[in-house]
Amino acid sequence: MSGVNQLQAMGTAERRKEARTVIASSYLGSTIEYYDFLLYATAAAVVFPKVFFSGMDDWVGVVAAYGTFAAGYVARPLGGIIFGHFGDKLGRKNMLIISMLMMGIASTLIGVVPDASVAGPWGAVLLVLLRVFQGIAVGGEWGGAALMALEHSESGKRGFAASFVNAGAPTGAVLGTLAMGAFAALPNDQFLSWGWRVPFLLSFVLLGVGMFVRLKVSESPIFKAALEQEKAEQAQADMEAAQAGITAKRDIPLLLVLRRPKTLIFTMLAGAAGFALQVVLATFSVTYAVSKGADRQGVLYAFAAASALSIVFVILGGKLSDKLGRRPVMIGGLVLFIIYLIPMFQLLSSNSIMLIFVAFAIGLMIHSTLFGPLAAFVSEQFGTTSRYTGASLGYQLATLLGAGFTPGIVAQIFKDSGQDTASVVTYLAVMSVVSIVFILLTREPKNNNLLTVKS
């Protein structure tokens, strides 16, 4: 059935059932992808400085490990462009299958990379290459999953539906942290020699589960309808061009997006601080709490428990944005986080696992009010036939700017300041203010018509 006929033929109950299926599959797929991607964040915080960068000063090793972490974020926009192009031309579903396959294989191979004692610097080189493949995969994953959820949903529930894709990030973080935390209970030499590898090897099992689910979902009817309309318009243009003795031009999704650079740039800067805060909680905050004497395994479990709580708040943030708008909810989350930064680091330095859990829980709950609406906020800025490319590129550039280099920058300024968190607080607060300004400058997309074909 064509996309137009499918939209017309499906009753309300049938569309809602289909939407629930797609949302559930997008959530599960996103969870598996982010388990793989964020597991690396935990390993970069507690393992890689000792395994691949041993012999360095502790904080120098941390900065070097975070450099490999950044490689994944550098690659994410490339993944957004590649998968976005084919996703806008061929469909969302097939790209999601390929992105998951790439992520699962890369993550499994990380679990067998030889350490510095065996391969010397080549171990770190292999780590970076596999991290790049991870980045390309997740760069393609997010846009497809968000759009599938968004384009199957009713107009007044898009923020709620798309929030499940972003809820996959804390869910994946919970699974990854629990897996790493379980093996962190091993004696330190065993954990660093082989224990940390097992959670990465489990990625192959999750890949099988994810592929089974992904193969069952249907293509976006909005995309199919838009593709049919575009083909009809192109056929008409080809006929008119042939009569005039010229060749009709073909629209390339990336060029459609770049014709409106303001939308792309504003979207990127609006989302950057959210990713900076997210990644600081997952990496630097863990390292900082452990450096203050807290038990490593206890800190990992505290972060996992707090991440589990935040899943609900991500979805609530998306639902709230359907009522109030994306911009007010996101700005509110950023303002609250700026206020919370100083108390958060005080709690993290307490050497009390309970207080560290409170620090993570409050931080992640505040962050979730920003993170929940973000998927819809970004995706709704672009037209259907360039939405995969535009949303993926805007979102992934935001992650690169906000998250890719932030752990290394924060660790470096913390080291250079004599391990004073005031400099870290200032850096994160400034980033948050910048994002608030660009959210205000970006149009409210809550009521945009997704059936609009062109950007």
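Everything discussed here concerns the structure shown above.
Definitions and cut-offs
Residues numbered from 1 in each chain as written. Predicted model: local features only at pLDDT ≥ 70, side-chain atom pairs only at ≥ 80, totals over all residues. Heavy atoms only, no water. Helix = DSSP H or I, 4+ residues; strand = E, 2+ residues; numbered from the N terminus. Buried < 20%, exposed > 50% of the residue type's maximum accessible area, 1.4 Å probe, protein only. 1 Å grid on protein atoms, 1.4 Å probe; cavity = no way out; pocket = protein on both sides within 12 Å on 5 of 7 lines; lining within 4 Å. Points joined across faces, edges and corners; volume = space filled by probe spheres on them. Nonpolar A, V, L, I, M, F, W, Y, C, P; charged D, E, K, R; others polar. Salt bridge = Lys/Arg side-chain N within 4 Å of Asp/Glu carboxyl O. Core = buried A, V, L, I, M, F, W, Y, C linked by side-chain atoms within 4.5 Å. Contact = heavy atoms within 4.5 Å.

### Notes on unusual backbone geometry
Not every positive phi belongs to a glycine, and N351 is a case in point at roughly 65°. By the secondary structure assignment, N351 is in the loop between α17 (326-348) and α18 (353-379). In this structure, Q419 takes a positive phi of about 60° despite not being glycine. Note on Q419: relative accessible area 43%, which makes it partly exposed.

### A short note on helix α15 (residues 284-291)
Counting buried residues in α15 gives six out of eight residues, a clear majority hidden from the surface. Just downstream of α15, G293 is the residue with a positive phi angle, here 105°.

### Things to note about empty space enclosed by the protein
In total, this model carries three cavities of 30 Å³ or more according to the counting rule given. Each pocket or cavity is described by its volume, and for the largest cavity that value is around 200 Å³. Surrounding the largest cavity, 21 residues form its lining, P170, A173, Q278, F303 and L364 being those nearest its centre. At the level of elements, α2 (12-46), α8 (158-184), α14 (261-282), α16 (296-324) and α18 are the ones that each hand at least two residues to the lining of the largest cavity. The leading source of residues in the lining of the largest cavity is α8, at six residues. The class makeup of the residues in the lining of the largest cavity is twelve nonpolar, nine polar and no charged. Volume-wise, the second largest cavity comes out at about 50 Å³. Lining the second largest cavity, in full, are Y34, L38, Y73, R76, A169, F275, Q278, F371, Y395 and T399. Looking at the lining of the second largest cavity, the elements with two or more residues in it are α2, α4 (58-90), α14 and α19 (384-404). In the lining of the second largest cavity, the residues fall into seven nonpolar, two polar and one charged.

### Section: the pattern of salt bridges
By the definition in use, this model includes three salt bridges. The salt bridge partner of D322 is R326, with a shortest N-O separation of 2.8 Å. Exposure class is identical for D322 and R326. Each is buried. Three or more residues joined by partner-sharing salt bridges are found here, namely R158, D322, R326 and E380.

### Points about the nonpolar core
Ranked by size, the top nonpolar core spans 114 residues in total, and within it V47, F48, W142, W196, M344, L348 and F360 carry the most contacts. If near-sequence neighbours (up to four positions away) are discounted, M344 is found in contact with L281, S285, F337 and A359. Grouped together as the second largest cluster of nonpolar side chains are five residues, I32, I97, M100 and L207 included.

Just distances and angles here, no functional claims.
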